[in-house]
Amino acid sequence: MNLPFEPQRQTQDYQASDAAHHIHAFVDQKALNAEGPRVMVRGEGLYLWDSEGKRYLDGMSGLWCTQLGYGRKDLTAAAAAQMDQLAYYNMFFHTTHPAVIELSELLFSLLPGHYSHVIYTNSGSEANEVLIRTVRRYWQVFGQPQKKVMIGRWNGYHGSTLAASALGGMKFMHEMGGLIPDVAHIDEPYWYAQGGELTPAEFGRRCALQLEEKILELGAQNVAGFIAEPFQGAGGMIFPPQSYWPEIQRICRQYDVLLCADEVIGGFGRTGEWFAHQHFGFEPDTLSIAKGLTSGYLPMGGLVLSKRMAEALVERGGVFAHGLTYSGHPVAAAVALANLKALRDEGIVRQVKDDTGPYLHKLLHDVFGSHPLIGEIQGTGLLAALQFAEDKDTRKRFANENDLAWQCRTFGFEAGVIIRSTLGRMIMAPALVASRAELDELVDKTRIAVDRTARIAGKL
Ligand code: PXG
């Protein structure tokens, strides 16, 4: 074993202790305990090592978050310096600190000019919790306290806490713990699966018009906001047809419904723009952010507000009874600041847009464009999805597509690459610092996994 570190304990020892004490995310814990989780012990650049010494190319940036890759000394130095200087102070009782002030300055220099304020949180779920309260407070300030229904989308994902999962449209999550009142859902714009005979443009428009129907059904005077991911992430890396967002924006403006973009995955360069709504060309009133804000090195999120909303809350709102112990945590803020500086000063977002993003998509089209298992390739920047198809002409999907995708993911691990599976789609979202050579390796190893999957699906 040739490891760039000394493993402290045996893998089985780690696994036994983990099984004894730890409930993992989104898994049958009993089944996982029997199998034993992979123990990740080190990261450097795009690579991870497990406790057995096996090396993986991380094609998912952790969970869509390590924009700068692993092991960045500038981020660890920023954390250490801030810990030495002021490890903690809070945003309650009329105080602030330089780290959070400088982070906000930089954040708003990167955002379009119609945003002005942010409420910091520790995660994306919290950003969306705060969103519900902030949007409702905004309408209260304007004398419309009944305007409080939030509309989300089926198969959207906005986090795992009670209200964030209610905004999301994962029915199996709603069944575990329940919903909250005053939340409604419309369909997702997943043309490949649900578009039928419609063209993508027609289908996109039809999905958007569902928002208008839902607003009219609920009464526009009762609808506070519409929340959606610019492209769905956890739901399968699904890009809406181009007709979708302009129509959604028109409807929100027409009925005075706030347009809330969940940029937790799309933000901070993933699409080659700083924020995904810029790629799709619409102007949300709020942005939920997290993940790439710190490259995942420390937990931090936030809710960005348009000038119009911030002005109402600040100038007319009085006390807004909201705050978290760790809102604007100085160490997280210092890391976020160092992270955003690196993304900006090293030209990484531009590189994704002009070089590595187009390079990845050309490669994917060359390798998978006529692959017998792949019916569609979607994405832009360092973001891609491969759709499995049983019949490419009719867009028929496999009855066992979920199992096939999970198999593909397992084959990926065996080949030394981490790709994400969702219902019949394989997702790639490597760190934004990926080189062309690393993207070659990502696609080569993904090809091994997809070919093996095609064989068990009878397609090769
Ligand atoms: N909004 C979006 C769009 C997300 O993708 C959250 C909110 C919640 O963020 P926190 O920081 O509370 O986890 C997310 C999280 C996956 C996967 O498998 C995606 C997420 C989380 C875990 C797994 O794709 N996204």
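This report concerns the structure included in the present document. (Residues numbered from 1 in each chain as written. Predicted model: local features only at pLDDT ≥ 70, side-chain atom pairs only at ≥ 80, totals over all residues. Heavy atoms only, no water.)

### Overview of the site of the ligand
- Near the ligand there are 16 residues, and of these Trp-64, Gly-124, Ser-125, Asp-262 and Arg-420 occur at the shortest range.
- Here an oxygen atom of the ligand and a side-chain polar atom of Trp-64 are 2.8 Å apart.
- In the environment of the ligand, a nitrogen atom lies 2.7 Å from a nitrogen or oxygen atom belonging to the side chain of Asp-262.
- Protein chains shield 83% of the accessible area of the ligand, which is 540 Å² for the free molecule.
- Those elements that provide at least two residues to the shell around the ligand are helix 3 (61-64) and helix 6 (124-141).
- At three residues, helix 6 tops the list of elements feeding residues into the shell around the ligand.
- Of the residues assigned to the shell around the ligand, the class counts are six nonpolar, six polar and four charged.
- Taken domain by domain, the makeup of the shell around the ligand includes at least three residues from each of domain 1 (38-71 + 347-456) and domain 2 (74-345). (Near = heavy atom within 4 Å. Polar contact = N/O pair within 3.5 Å; in protein donor to acceptor, adjacent residues only side chain to side chain. Areas by Shrake-Rupley, 256 points an atom, 1.4 Å probe, with all protein chains shown as cover. Helix = DSSP H or I, 4+ residues; strand = E, 2+ residues; numbered from the N terminus. Nonpolar A, V, L, I, M, F, W, Y, C, P; charged D, E, K, R; others polar. Domains from an automatic or database assignment.)

### Looking at the packing of aromatic side chains
- The tally for this structure, following the rule as stated, stands at 13 aromatic pairs.
- Considering the side-chain rings of Tyr-88 and Tyr-89, the 6.3 Å spacing of their centres and the 50 degrees angle between planes classify their relative orientation as tilted.
- Overall, Tyr-89 belongs to the partly exposed group, its relative accessible area being 38%.
- Aromatic pair Tyr-88 and Tyr-326: ring centres 6.0 Å apart, planes at 80 degrees, arrangement edge-to-face. Taken together, the residues span a long stretch of sequence, with Tyr-88 in the loop between helix 4 (73-85) and helix 5 (98-110) and Tyr-326 in the loop between helix 13 (307-316) and helix 14 (330-345) at a distance of 238 residues.
- Residue Tyr-88 is classed as partly exposed on the basis of its relative accessible area of 31%.
- One aromatic cluster is present, built from ring pairs that chain together Tyr-88, Tyr-89 and Tyr-326.
- Directly above the aromatic system of Trp-49 lies the positively charged group of Arg-42, at a separation of 5.6 Å from the ring centroid.
- Against the face of Trp-406 rests Arg-409, its NZ or CZ located 4.0 Å from the ring centre. (Phe/Tyr/Trp six-rings, centres within 6.5 Å; stacked < 30°, edge-to-face > 60°. Buried < 20%, exposed > 50% of the residue type's maximum accessible area, 1.4 Å probe, protein only. Lys NZ or Arg CZ within 6 Å of the ring centre and 35° of its normal.)

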